[in-house]
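# Structure at a glance
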Amino acid sequence: MKILVVGGGGREHAIIKKIKENKSVEQIYALPGNGGIAKDATCVDIGAKDIPAIVAFAKEKQIDYAVVAPDDPLVLGCVDALEEIGIPCFGPRASAAIIEGSKVFSKNLMKKYGIPTAEYEVFSNLEDALEYLNSAPIPTVIKADGLALGKGVIIAMTREEAKEAVRSMMEDKIFGESGSNVVIEEFLTGPEVSVLSFTDGKTVIPMISSQDHKRAHDGDTGLNTGGMGTVAPNPYYTADVEKICMEKIFIPTIRAMEAEGRTFKGCLYFGLMLTENGPKVIEYNCRFGDPETQVVLPLLESDLLTVMQATTNGTLDKCEVKFAKSNTCCVIMASNGYPSHYEKGYEITIPDDVLPNVYVAGAAIKDGALVTSGGRVLGVTAKKDTLGEAICEAYRLVEKIKFDNAFYRHDIGKRALMAKETD
Ligand code: AMP
Ligand code: GLY
């Protein structure tokens, strides 16, 4: 089989490594891929948002199955365009990807179908939003409606900060048209859990839970990033919590999308907060999370490509999806200064014995050497029997990798480990 994977980060590298385990796969193309993915797939310099070029390439190479991994091409209709020329895909059509593409859509969906989430109001007019903020409970959370590179959420601790956030989105358009509408919502507290799930639109199979670390620095300080590390499973996500989530969130969401004529197929990501009043949805993503994928897929014992095809064919109810009972930890090695300004072009050395544990996010090949080319550079994943061992091993491997200006958090999994010990 000839497989095409759209995207070029650590998540895509994890997907590609797993798909390669299937014996019927002869060739994998990554569009655009990256310098590290080039070891496992043929990288082609076509951007993940260039849908006409992706479609032309898929047609020319007679691709058998395509995996569209990032949010942008999904929201822009990449799956629809590939299906039109007869190529089966993993991922939702644009009509379903809107669950991530529009926060107004997802909040209204949850309200309509009684799915637990933070209380909220939607505004399309700056004056009304500012007026509402005069009496809104503080802290409050301001969200741009559309995609904003993961930066469209501002938690305001004061009324002034909240007004500033609304002005920056609606007046200064810091996120472009994504900020034309804003959601202002209740500030929730509690441990966060990421649950990725496979779904064919009727059946939903949650994967192993995980925990992201979004802030740049130790102790959850510094700016929000795309994610600085993950562990799986997430110890806060007990069997009881899972049961509630399945009944009140996962199944109702899949049914709601179907009832709206927006059947969701692919990976639906539930970003949850375990509040005093039960689990609530913080966000939906229409795709695998990054770097959640780098801890979840290494635990998958079933064949990934077979499961993906079952989501496309609507046969997930007949498909076995098994996960190992082990624990994983992924530490992101980033370029110093990320998520703000950082330098690129530093040579990376990875010992051969560490290579199987590395998912490359932002690196290119220059004069035959692997060099840094992004903010997040590598994800280093270890799998062990216990969480403590997985964390130790991930850091042992990280220390064997060298590049100038490298930085990483030293406390990935620390909270999860403490939660486990106080069980
Ligand atoms: P997002 O970009 O949607 O992933 O949101 C970024 C982060 O903002 C989440 O991981 C949460 O930590 C936080 N967040 C989002 N919504 C809320 C909320 N209603 N209450 C508290 N924190 C929130
Ligand atoms: N790690 C969070 C995300 O993929 O959106």
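Above this note sits the structure.
Attention here is on the structure that accompanies the text. (Residues numbered from 1 in each chain as written. Chains lettered and ligands numbered in written order. Predicted model: local features only at pLDDT ≥ 70, side-chain atom pairs only at ≥ 80, totals over all residues. Heavy atoms only, no water.)

## Section: the overall build of the protein chain
The helix and strand inventory of the protein chain stands at 13 helices and 23 strands. Relative to the 2.2 N^0.38 estimate, which gives 22 Å for 423 residues, the radius of gyration of the protein chain is 21 Å and therefore close to what a compact globule would have. Taken along its principal axes, the extent of the C-alpha atoms in the protein chain is 60 × 45 × 45 Å. Each of the 423 residues in the protein chain was classed as buried or not, and the buried ones make up 57%. Relative to all contacts within the protein chain whose residues are 6 or more apart in sequence, the contacts with residues 24 or more apart total 68%. A total accessible area of about 17,800 Å² is found for the protein chain, and carbon and sulfur atoms account for 49% of it. Of note, the protein chain has its 46 positive side-chain charges centred 3 Å away from the centre of its 59 negative side-chain charges. (Helix = DSSP H or I, 4+ residues; strand = E, 2+ residues; numbered from the N terminus. Rg over C-alpha atoms; globule rule 2.2 N^0.38 Å. Buried < 20%, exposed > 50% of the residue type's maximum accessible area, 1.4 Å probe, protein only. Contact = heavy atoms within 4.5 Å. Areas by Shrake-Rupley, 256 points an atom, 1.4 Å probe, with all protein chains shown as cover. Lys, Arg positive; Asp, Glu negative; His and termini not counted. Charge placed at Lys NZ, Arg CZ, Asp CG, Glu CD.)

## Observations regarding the pairing of strand β14 (residues 221-224)
In this sheet, β14 lies alongside strand β13 (residues 215-217) in antiparallel orientation, the contact comprising two bridges. By the bridge assignment for β14, R215 is matched with N224. In textbook terms, the turn of a hairpin is the stretch between consecutive antiparallel strands, and for β13 and β14 this stretch comprises three residues, one of which, G219, has a positive phi near 70 degrees. (Pairing = 2+ DSSP bridges.)

## Regarding the site of ligand 1
Taken together, 15 residues sit near ligand 1, with E185, E186, L188, E192 and E283 positioned nearest. Residue K143 places a side-chain N or O atom 3.1 Å away from a nitrogen atom belonging to ligand 1. In isolation ligand 1 offers 490 Å² of accessible surface; the protein chains occlude 91% of this area. Of the residues assigned to the shell around ligand 1, the class counts are eight nonpolar, one polar and six charged. (Near = heavy atom within 4 Å. Polar contact = N/O pair within 3.5 Å; in protein donor to acceptor, adjacent residues only side chain to side chain. Nonpolar A, V, L, I, M, F, W, Y, C, P; charged D, E, K, R; others polar.)

## Things to note about the site of ligand 2
The environment of ligand 2 is made up of D212, G226, Y269, N285, R287, G289, D290, P291 and E292. Separating an oxygen atom of ligand 2 from a side-chain N or O atom of N285 is a distance of 3.3 Å. One of the side-chain nitrogen or oxygen atoms of R287 is found 2.9 Å away from an oxygen atom of ligand 2. Bound to the protein, ligand 2 loses 89% of the 200 Å² it would expose on its own. Class assignment for the residues of the shell around ligand 2 results in two nonpolar, three polar and four charged.

## Quick look at the pattern of salt bridges
Enumeration according to the criterion identifies 20 salt bridges in this entry. In this structure, E283 engages K214 in a salt bridge whose closest nitrogen and oxygen atoms are separated by 4.0 Å. Here E283, found in strand β17 (residues 278-285), pairs with K214, found in the loop between β12 (211-212) and β13; they are 69 residues apart in sequence, far enough to count as distant. A relative accessible area of 31% means that K214 is categorised as partly exposed. Close ionic contact of R376 with D290 constitutes a salt bridge, the shortest N to O distance being 4.0 Å. With R376 in strand β22 (residues 376-384) and D290 in the loop between β17 and α10 (293-296), this residue pair connects regions lying 86 residues apart in the sequence. Three or more residues are tied together by salt bridges with common partners; here these are D220, R409, D411 and R415. (Salt bridge = Lys/Arg side-chain N within 4 Å of Asp/Glu carboxyl O.)

## Topic: a nonpolar patch on the surface
On the surface, V153, I155, M157 and F187 cluster together into a nonpolar patch covering about 330 Å² of accessible area. Its place among the elements puts F187 in the loop between β9 (182-186) and β10 (192-199). Overall, the relative accessible area of 31% leaves F187 in the partly exposed class. (Patch = residues over 30% accessible without salt bridge, like charges linked within 9 Å, V, L, I, M, F, W, Y side chains within 5 Å.)

## Some points on the side chain of D212
Along the chain, D212 falls in strand β12. No salt bridge is formed by the buried D212; the nearest opposite charge belongs to K214, separated by 4.2 Å. When neighbours within four sequence positions are excluded, D212 is seen to be in contact with S194, G226, G227, M228, G229, T230, P291 and E292.

## Quick word on the sheet that holds β9
The strand order β6-β9-β7-β8 describes an open sheet built from four strands, whose pairing is antiparallel. Single-partner strands in this sheet number two, and they are β6 (120-123) and β8 (153-156). Going across the sheet, the axis of each strand differs from the next one's by a mean of 20 degrees, ignoring polarity. Where strand β7 (residues 140-144) and β9 come together, five bridges link them in antiparallel fashion. By the bridge assignment, I142 is partnered in β9 with I184. Across the face of the sheet, helix α7 (residues 126-133) comes into contact with β6, β7 and β9 while running at roughly 150 degrees to β6. (Axes fitted to C-alpha atoms, helices over the stretch in contact; angles between N-to-C directions.)

## Digging into the packing of helix α12 (residues 387-398) against helix α13 (residues 414-421)
In contact at an axis separation of 10 Å, α12 and α13 are set at 160 degrees when each is read in the N-to-C sense. Classed by the angle they form, the pair α12 and α13 counts as roughly antiparallel. For the element pair α12 and α13, the recorded crossing hand is left-handed. Packed against α12, whose contacting residues are L387, G388 and I391, the element α13 presents A416, L417 and K420 at the interface. Of the residues that constitute the contact of α12 with α13, the class distribution is four nonpolar, one polar and one charged. (Parallel < 35°, antiparallel > 145°, perpendicular 65-115°, else oblique. Left-handed = near helix turned anticlockwise from the far one by under 90°.)

## What to know about the packing of aromatic side chains
The tally for this structure, following the rule as stated, stands at nine aromatic pairs. Seen in terms of ring centroids, F90 and F198 are 6.4 Å apart; in terms of plane orientation they differ by 65 degrees. Their pairing is edge-to-face. You can see F90 sitting in strand β5 (residues 89-90) and its partner F198 sitting in strand β10, a full 108 residues away along the chain. Overall, F90 belongs to the buried group, its relative accessible area being 2%. Each residue in the set F90, F198 and F288 is aromatic and connected to the rest through ring pairs, giving one cluster. (Phe/Tyr/Trp six-rings, centres within 6.5 Å; stacked < 30°, edge-to-face > 60°.)

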